[in-house]
Amino acid sequence: MTYVIAQPCVDVKDRACVDECPVDCIYEGKRMLYIHPDECVDCGACEPVCPVEAIFYEDDTPEQWKSYYDANVKFFDDLGSPGGAAKMGVIDKDEPSIAALPPQNQDH
Ligand code: SF4
Ligand code: SF4
């Protein structure tokens, strides 16, 4: 199990969650942030601080955003397990389904 970041984060990226994560497993892409499914320890600290409620426990992800589980996983296909987001900085890509989204407005 893991936590998942969903559509409300796209084009918002305020990074409040990053500061809460004890294992630094929330990685920043160009348009949203992604939780590493193997590095996440399911502590839940990130979920309540997201101002747009983009973070969900895997099993509690709303139906319309279920595909974001795969998006979070696939983001790491070519990255493996870096073992810490801070040293990576902003990663110059997004998972393809995220990259293809039209610009998201701010009032979700
Ligand atoms: S706190 Fe929410 S909106 Fe901000 S980066 Fe994290 S998931 Fe995205
Ligand atoms: S649940 Fe905990 S370990 Fe997982 S991403 Fe959120 S803060 Fe990090």
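Residues numbered from 1 in each chain as written. Chains lettered and ligands numbered in written order. Predicted model: local features only at pLDDT ≥ 70, side-chain atom pairs only at ≥ 80, totals over all residues. Heavy atoms only, no water.

Visitor: Just checking my understanding: could you explain the side chain of E39 for this structure?
Guide: Along the chain, E39 falls in the loop between β3 (33-35) and β4 (55-57). Despite its burial, E39 pairs with no opposite charge, the nearest such side chain being K87 at 7.3 Å. A polar contact is formed between the side chain of E39 and the backbone nitrogen of G83, at a distance of 2.7 Å. Dropping the residues within four chain positions of it, E39 is found in contact with V23, D24, C25, Y27, S81, P82, G83 and G84. (Helix = DSSP H or I, 4+ residues; strand = E, 2+ residues; numbered from the N terminus. Buried < 20%, exposed > 50% of the residue type's maximum accessible area, 1.4 Å probe, protein only. Lys, Arg positive; Asp, Glu negative; His and termini not counted. Salt bridge = Lys/Arg side-chain N within 4 Å of Asp/Glu carboxyl O. Polar contact = N/O pair within 3.5 Å; in protein donor to acceptor, adjacent residues only side chain to side chain. Contact = heavy atoms within 4.5 Å.)

Visitor: When you look at the environment of A45 in this model, what are you seeing that I'm missing?
Guide: Following the sequence through the fold, A45 ends up in the loop between β3 and β4. Note on A45: relative accessible area 26%, which makes it partly exposed. Residues A45 and P96 lie 51 residues apart in sequence; the distance between their C-alpha atoms is 28 Å.

Visitor: Can you help me understand the nonpolar core in this one?
Guide: Nonpolar side chains in soluble globular proteins tend to be buried together. By size, the foremost hydrophobic cluster in this structure holds 31 residues, and its most contacted members are I5, I26, M32, I35, I55, Y68 and I98. If you list the elements that add at least two residues to this core, you get β1 (3-5), α1 (16-20), β2 (26-28), β3, β4 and α2 (67-74). Once residues within four sequence positions are removed from consideration, M32 is found in contact with I5, C9, V10, K13, Y27, Y68, N72, D94 and I98. (Core = buried A, V, L, I, M, F, W, Y, C linked by side-chain atoms within 4.5 Å.)

Visitor: Would you take a moment to explain the site of ligand 1 for this structure?
Guide: As a structural note, the neighbourhood of ligand 1 is formed by I5, C9, K13, D14, R15, A16, C17, L33, C50, P51, V52 and I55. Across the shell around ligand 1, the residue classes break down as 9 nonpolar, no polar and 3 charged. (Near = heavy atom within 4 Å. Nonpolar A, V, L, I, M, F, W, Y, C, P; charged D, E, K, R; others polar.)

Visitor: Would you take a moment to explain the packing of aromatic side chains for this structure?
Guide: To describe a pair of aromatic rings, you give the distance between the ring centres and the angle between the ring planes. The tally for this structure, following the rule as stated, stands at 5 aromatic pairs. An angle of 90 degrees between the planes, with centres 5.2 Å apart, marks the rings of F75 and F76 as edge-to-face. Taking the relative accessible area as the measure of exposure, F75 reaches 1% and is therefore buried. Judged by its relative accessible area of 4%, F76 falls in the buried class. Chaining the aromatic ring pairs together yields one cluster made of Y27, Y34, F75 and F76. Between the NZ or CZ atom of K93 and the centre of the ring of F75, over which it lies, the distance is 4.6 Å. (Phe/Tyr/Trp six-rings, centres within 6.5 Å; stacked < 30°, edge-to-face > 60°. Lys NZ or Arg CZ within 6 Å of the ring centre and 35° of its normal.)

Visitor: Explain unusual backbone geometry here, please?
Guide: With a phi close to 60 degrees, D42 is a non-glycine residue in the positive phi region. As for its placement among the helices and strands, D42 is situated in the loop between β3 and β4. Overall, D42 belongs to the partly exposed group, its relative accessible area being 29%.

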